[in-house]
Amino acid sequence: MPPVDLATLERRLGKRGFGLDDAQLHPCPTCSAQAVRRYVLKRSRLGGRDIAYCMACGTAKSWTAGPGFESRVEDVGFDLEKFLA
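Residues numbered from 1 in each chain as written. Predicted model: local features only at pLDDT ≥ 70, side-chain atom pairs only at ≥ 80, totals over all residues. Heavy atoms only, no water.

Describing the pairing of strand β4 (residues 49–54)
Buried residues dominate β4, accounting for five of its six residues. With five bridges connecting them, strand β3 (residues 34–41) and β4 associate as antiparallel partners. Across the sheet, Val40 pairs through a bridge with Asp50, a residue of β4. Looking at chain direction, β4 and strand β5 (residues 60–65) are connected through five bridges and run antiparallel. Bridging across to β5, Tyr53 finds its partner in Ala60. Count of turn residues in the β4/β5 antiparallel hairpin: five residues, of which Gly58 carries a positive phi of about 85 degrees. (Buried < 20%, exposed > 50% of the residue type's maximum accessible area, 1.4 Å probe, protein only. Helix = DSSP H or I, 4+ residues; strand = E, 2+ residues; numbered from the N terminus. Pairing = 2+ DSSP bridges.)

In structure tokens form, the structure reads like this:
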């Protein structure tokens, strides 16, 4: 996914119950830029889904609760554009 307007992305994620996890930018494993913002599902007590989005290269990754809700499992094949459609 190519980089998108941050305000648009956050508005679309906010409509689905996501909020910014912390204001700190994290390193991107794909492009090595310090540009990853992490979003978490705010309305779920079970943890639901986490999304990491790189503002530099547009890479988006997502994790969901694993079996027994004790671990996080990467959602391989996650497509942020389809998720927000």
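Notes on the side chain of His26
Within the secondary structure, His26 is located in strand β2 (residues 26–27). With relative accessibility at 10%, the residue His26 sits in the buried group. In this structure the side chain of His26 is engaged in a polar contact, spanning 3.4 Å, whose partner is the backbone oxygen of Gln24. Setting aside its immediate chain neighbours within four residues, His26 contacts Ala33, Gln34, Ala35, Val36 and Arg38. (Polar contact = N/O pair within 3.5 Å; in protein donor to acceptor, adjacent residues only side chain to side chain. Contact = heavy atoms within 4.5 Å.)

Structural notes on the side chain of Arg49
Position of Arg49 among the secondary structure elements: in strand β4. A distance of 2.7 Å separates a polar atom in the side chain of Arg49 from a polar atom in the side chain of Ser62. A distance of 2.9 Å separates the side chain of Arg49 from the side chain of Asp75, its partner in a polar contact. With residues up to four places along the chain from it excluded, the contact list for Arg49 reads Phe18, Tyr39, Val40, Leu41, Ser62, Trp63, Thr64, Arg72, Asp75, Phe78 and Phe83.

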